[in-house]
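# Survey of secondary and tertiary structure
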Amino acid sequence: LPIYGISASPAELQQEFKDHNEKVKLDYVLIKPEEFEAKINPSEAEIKASYEKNRSKYQLPERRIVRYGLIDINQLRQSTHISDDQLKAIYQQNIAQYQVPKRVHVQHILLTTVGKTDAEVEEIRKKAEDILKQAKKGGNFSDLAKKYSEDPGSKDKGGDLGFIVQGQTVPEFEKTAFGLEKGQVSDLVKTQYGFHIIKVLENEPAHTKTFDEVKDALRAPLMLSEADKQESDTADKISAEVRRSNKISLDDLAKEFRLSVGETRPVSATDQLLELGNSKEVKDAIFRLRQGEASMPIRTDRGYVVLSLKEVQPAHQGTLEEVRDRVVDDLKRDKATALVLTDAFELSKRAKAGEKFDVVAKSLGLERKTSDPIARNGSVPGLGSGKQLGAAFDMKQGEISDPVTMGTNRAIYQVVEKTEPNPADFDKQTKELTESVVQNKRNLAFEAFRVALETRLKKEGKLQTMPDKLKTAGDLG
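Residues numbered from 1 in each chain as written. Predicted model: local features only at pLDDT ≥ 70, side-chain atom pairs only at ≥ 80, totals over all residues. Heavy atoms only, no water.

Helix and strand content of the protein chain: 15 helices and 19 strands. Whereas a compact globule of 477 residues would reach a radius of gyration of roughly 23 Å, the protein chain reaches 38 Å, over 25% beyond that. Intrachain contacts of the protein chain at a sequence separation of at least 6 include 69% that bridge at least 24 residues. One way to put it: in the protein chain the 77 positive side-chain charges average out to a point 1 Å from where the 78 negative ones average out. (Helix = DSSP H or I, 4+ residues; strand = E, 2+ residues; numbered from the N terminus. Rg over C-alpha atoms; globule rule 2.2 N^0.38 Å. Contact = heavy atoms within 4.5 Å. Lys, Arg positive; Asp, Glu negative; His and termini not counted. Charge placed at Lys NZ, Arg CZ, Asp CG, Glu CD.)

Dropping the structure here:
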C-alpha cells in the first residue's frame, strides 16, 4: 500500500503482526548495585590499597577562593523606609482604582427546573414554597441550603455565594438581592435556572477605600521598587570606581558602599556556587580574575556582588584525605557490581540446573516479580523494553535466561507463559499494521535525509550548529 511513496511489504506486515501479538509472561529478578552498596563497609587497608592502585583517577582540578562584597537586596528591602506622605501621593494619583461598587453578601437555595415539564416545575415550586416557609419561620438558612439546595458550587458552603456586584448575576436574581435588607429572606425568585430563595448577609454601599485601608498594600511594592533603585544606583557607583582602577581593594569598596563581605569555599570550574546563586557569570568571573583585581559588579539572585581573588589552589594529585569520599564510593560501587554479577550467575546457573526459580531467588535474598504478558513492542515497567528482553520471545516456556545487562543492573528471568499470534487476527489488524510500518519507515527516511542534508551543508560551510542552543530546541522530527 503506497503512502507518500513508501509502502509495507507482506513480510514486513507479518513481522509487525508478530511484534504486536506474540507475548510472553516472565518471572524475573532485577539485581541493582545500590542495594548492596549500603551494606558494604571497606576497611582502612582496602581504602588505602584502592587509592594507591587508582591514584591517576584522583586528580583534583584547579580551585579558587574569592572574597566578595554583596549589595544584599533582602537587607535593603528590609531597611528601606517609606513615609506615609509618599504612600498618600500614590493613593491620590490612583484614587479611581480604590472605588468599590455597591455589593451584597448573599446565600441562596436553588431548586433547578432546567429540562423539567410544566407538571414537574409545579411540584418543584410547591417544594420550594415549603422550604421558604421554614426559612421565614427562622429555620437555619445554612442547614436548609445544605439539605435542599441543588447548586453544587454553594450547597456545601450553606448556600454562601460571597459578595456579588451588579451585572454579575441574572437580572431577576440581582434585582431581588440588591433590594433586600441585611438579614432579610426573599420570596421565591424564578430564573432560567429554577427557583431561588435568597438571604442577604451584608449590604455594602458603593464607596472609596480609605488611605488607611490600602496603605499596607501600597507599601510592599514601593519598598521593593525603592530597594531595587538603591541597589542599581549603588552598583553604578561601584562600576565607576572599578573603571577608574580595578586595583581598588574590596575592603575599601565595602566600607564606602556598606557591602556585606563574605568568602567562598574553594571551588573548581564545575562546582556549584550556591552561596552566590550558582550564577554562571560569577563562576566565569572567578576564573578570569587576577590577584589584586576587583571585578565589576555582577547581578545575582542575592544582589550585586564584587569579587576579589584570594587564593588559587593549582590542579594536583589528590591526597587520600582529600579524595577519601570518592575512593570509598568507587570501592563500594566496584564491590557491589561484583556481588551483582556473582548473584546473577548463581541464580541463572542453579535455576537452569533444575532448582525452582523463586526458591533460588529467595535463598539469595532477591525479590522475584512477575510481569504482565508483554509484546516485543511493549515493556515491563521498572525492568526494560520488549526489545531489551527480545531473547525471551525465542525461548520455550519454563526456560531460564542468562544474566541480562540493564545499565548497571542485571536481570534474570524465566518464561512462565507464552502466547503465539492468532493468524485469524491478521486481516482485522492489516490497516493498523500498515500505518505502523509506513510511519516507522517514513521516520527513518526523514532522519536519513536530515543527516545527509546537514552533512552536505556543513561541508559547504552553509550551516553552523550551536549544541547549547540545540539542547533546548527539541528534535528536528
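The next point concerns helix α9 (residues 211–244). Side chains that are three or four residues apart share a direction in an α-helix, a result of its 3.6 residues per turn. Counted at 1.5 Å a residue, the expected span for α9 with its 34 residues is 50 Å, and the 47 Å between its end C-alpha atoms agrees. Its axis deflected by about 30° at A217, α9 carries its strongest bend there, up to four residues before the proline P221. When we look at burial in α9, the residues that qualify are F211, V214, L218, L222, A227, E231, T234, A235, I238, S239, E241 and V242. Buried residues along α9 sit against α4 (73–79), α5 (84–93), α10 (250–257), β11 (298–300) and β12 (303–313). (Expected span 1.5 Å × (residues − 1). Bend = angle between axes of the 7 residues up to and from the residue. Buried < 20%, exposed > 50% of the residue type's maximum accessible area, 1.4 Å probe, protein only.)

As a further point, take the side chain of H196. For H196, the location among the structural elements is in strand β8 (residues 194–204). Of note is the side chain of H196, whose polar atom sits 2.8 Å from the side chain of T191. Ignoring any residue separated from it by four or fewer positions in sequence, one finds H196 in contact with H108, I109, L110, F173, S186, D187, L188, V189 and T191. (Polar contact = N/O pair within 3.5 Å; in protein donor to acceptor, adjacent residues only side chain to side chain.)

The geometry of helix α6 (residues 118–136) relative to helix α7 (residues 141–148) is characterised by a closest axis approach of 10 Å and an angle of 160° between their N-to-C directions. In terms of orientation, α6 and α7 fall into the roughly antiparallel class. Seen from above, α6 lies across α7 with right-handed handedness. From α6, K127, I131, Q134 and A135 reach across to α7, where they touch F141, L144 and Y148. When grouped by side-chain class, the residues that make up the contact of α6 with α7 number five nonpolar, one polar and one charged. (Axes fitted to C-alpha atoms, helices over the stretch in contact; angles between N-to-C directions. Parallel < 35°, antiparallel > 145°, perpendicular 65-115°, else oblique. Left-handed = near helix turned anticlockwise from the far one by under 90°. Nonpolar A, V, L, I, M, F, W, Y, C, P; charged D, E, K, R; others polar.)

Moving on, we come to the environment of P101. Residue placement: P101 occurs in the loop between β4 (99–100) and β5 (103–112). When sequence neighbours within four positions are dropped, the list of residues in contact with P101 reads V165, E204 and A206.

In the Ramachandran plot, R258 falls in the positive-phi region, its phi being about 55° despite a non-glycine side chain. Mapping R258 onto the fold places it in the loop between α10 and β10 (260–263). For N278, which is not a glycine, the phi torsion comes out positive at approximately 55°. As for its placement among the helices and strands, N278 is situated in the loop between β10 and α11 (280–286).

On to the packing of α5 against α9. Following both chains from N to C, one finds α5 and α9 inclined at 105°, their axes separated by 9 Å at the closest point. On the basis of their axis angle, the class for α5 and α9 is roughly perpendicular. Touching D84, Q86, L87, K88, I90 and Y91 of α5 are F211, V214, K215, L218, R219 and L222, all from α9. Considered class by class, the residues forming the contact of α5 with α9 number seven nonpolar, one polar and four charged.

A separate point is the packing of aromatic side chains. The final tally for this structure, using the stated rule, is five aromatic pairs. Between the aromatic rings of F17 and F426, the centroid separation amounts to 5.4 Å while the plane-to-plane angle is 85°, which identifies the pairing as edge-to-face. Placement of the pair is F17 in helix α1 (residues 10–21) and F426 in helix α14 (residues 426–459), with a sequence separation of 409 residues. A relative accessible area of 5% means that F17 is categorised as buried. By relative accessible area, F426 is classed as buried at 16%. Here Y51 and Y58 contribute two aromatic rings whose centre-to-centre distance is 6.3 Å and whose plane-to-plane angle is 25°, an arrangement assigned as stacked. Summarising the burial analysis for this pair, Y51 and Y58 share the class buried. Through a chain of ring-to-ring contacts, the aromatic side chains of Y91, Y98 and F211 assemble into a single cluster. (Phe/Tyr/Trp six-rings, centres within 6.5 Å; stacked < 30°, edge-to-face > 60°.)

Once that is clear, we can look at the pattern of salt bridges. The full count for this structure, using the stated rule, is 35 salt bridges. A salt bridge links R350 to E346, with the nearest nitrogen and oxygen atoms 3.6 Å apart. Taken together, the residues span about one helical turn, with R350 and E346 both in helix α12 (residues 320–352) at a distance of four residues. E355 is the salt-bridge partner of R350, the closest N and O atoms lying 3.1 Å from each other. Residue R350 is classed as partly exposed on the basis of its relative accessible area of 22%. (Salt bridge = Lys/Arg side-chain N within 4 Å of Asp/Glu carboxyl O.)

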